[in-house]
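If you want the building blocks of each chain, they are given just below.
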Amino acid sequence: MKKTYFILILVFTLFLNGCNTKNQKANDKDSPTMETAYFGEKPPGLIPVEFAPAILSPEGSFEGGNHSPDMKKYYFTRNNGSYEKRTFFVIQYENGRWGNESETELKWPRFSKGSDTIYRGNKYRERTDTGWSELKSLGAPFTDMHIMGISFSDNGTSYFDQINFEDENDTIGAISYSRLIDGKYEPRQKLGKHVNTGTWIAHPQIAPDESYLIWDMHAEDGYGQADMYITFRAKDGSWLPAMNMGDKINTANQESGGGVTVDGKYFFFSRGDWKPKEDGSTYWVGKPYWVDFIQLKKELREKIINKSLPNTYK
């Protein structure tokens, strides 16, 4: 009797393990791996390389893009070329493969830590049982300004740009932050000249732990058009002076719209140029690039610390 009972338990256990293995394989198939999450592209080193140009920008019309936190969707924007107006796309990973691109109503989505909220400028959407809610206002202190880029740290602090096209004396952009205190956002606090030192200051990307801040702007120490910049948090909590991310990232063309992947391994940005039209206006020709951010961050942090009062910040 005991022997029979033991055999039944063993068979049942093997059955459960088989089911779990089968479910695990199904789950693995539904989730992209390192090899498939980035469309099968070879991971870059310290020199930026084009990211899936044949998929995302065959005509050089790419503006910007980013993965969803679960890496199962890639949202991106095209403009110019065969696109008479800015068009928004998404590519989804389903049944073990990436599908074809399709147009989406979600424009420049930036996801919350829990992936239940997406932000666009000074508005947001919440996840519902049927998809996403309509756009809602973030309220104060975001309602009285035009925001192109916004980023949230893990503790809820928001970093955002602000554009005032009507004021000719404005620096054409500046980065501010607002802390979440007792469920409410405090009045915006404008970062100092160590960050806001140029023009067209935009698209901030804050680290989840607020250890670094990345943005793009045009400044005197730049390589041409807008460049990518970075600053690191010092031991005393202050921000180190802005540092141009260097000639590995920046060129005479425009580099902008940078972002770091959820796992912190790669840095993505757009690189392109403005081309003239016959009527005197211009159009954008750009492609996405990516680079190993772990190596790049280490190199830049050492350089900025050595440059900025090393006895204080080391």
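Scroll up to find the structure this text is about.
What you see is a predicted model; the values in this text were computed from it and never measured.

A.B. asks: Tell me what's going on with the overall build of the protein chain, and back it up with residues and numbers.
C.D. replies: From N to C terminus, the protein chain includes 5 helices and 24 strands. Relative to its full complement of 314 residues, the protein chain shows a buried share of 43%. Expressed as a percentage of contacts within the protein chain between residues at least 6 apart in sequence, the contacts between residues at least 24 apart total 42%. Entry remark: accessible area of the protein chain is about 17800 Å², with carbon and sulfur atoms responsible for 51%.

A.B. asks: Break down the pattern of salt bridges for me, citing the residues and quoting the values.
C.D. replies: Taken as a whole and assessed by the stated rule, the structure comprises 11 salt bridges. For Arg78, the salt bridge goes to Glu101, with nearest N and O atoms at 2.8 Å. Here the residue Arg78 occupies a position in strand 3 (residues 73-80), and Glu101 occupies one in the loop between strand 5 (97-98) and strand 6 (102-103), the gap between them amounting to 23 residues. Classification of Arg78 by relative accessible area gives buried; the value is 2%. In this structure, the salt-bridge partner of Glu299 is Lys248, at a minimum N-O distance of 3.4 Å. Placement of the pair is Glu299 in helix 4 (residues 293-307) and Lys248 in the loop between strand 21 (243-244) and strand 22 (254-260), with a sequence separation of 51 residues. On the basis of relative accessible area, Lys248 is assigned to the partly exposed category, the value being 29%.

A.B. asks: Residue-level account of the nonpolar core, with values.
C.D. replies: Grouped together as the largest cluster of nonpolar side chains are 21 residues, with contacts concentrated most on Tyr212, Ile214, Ile230, Met245, Ile249 and Phe267. Within the residue set of this core, elements represented by two or more residues are strand 19 (212-218), strand 20 (227-232), strand 23 (266-276), strand 24 (282-292) and helix 4. Top element by residues in this core is helix 4. It accounts for 5 residues. With residues near it in sequence (within four places) discarded, Ile230 still touches Tyr212, Leu213, Ile214, Trp215, Pro241, Ala242, Met243, Met245, Leu300 and Ile304.

How each quantity is defined
Residues numbered from 1 in each chain as written. Predicted model: local features only at pLDDT ≥ 70, side-chain atom pairs only at ≥ 80, totals over all residues. Heavy atoms only, no water. Helix = DSSP H or I, 4+ residues; strand = E, 2+ residues; numbered from the N terminus. Buried < 20%, exposed > 50% of the residue type's maximum accessible area, 1.4 Å probe, protein only. Contact = heavy atoms within 4.5 Å. Areas by Shrake-Rupley, 256 points an atom, 1.4 Å probe, with all protein chains shown as cover. Salt bridge = Lys/Arg side-chain N within 4 Å of Asp/Glu carboxyl O. Core = buried A, V, L, I, M, F, W, Y, C linked by side-chain atoms within 4.5 Å.

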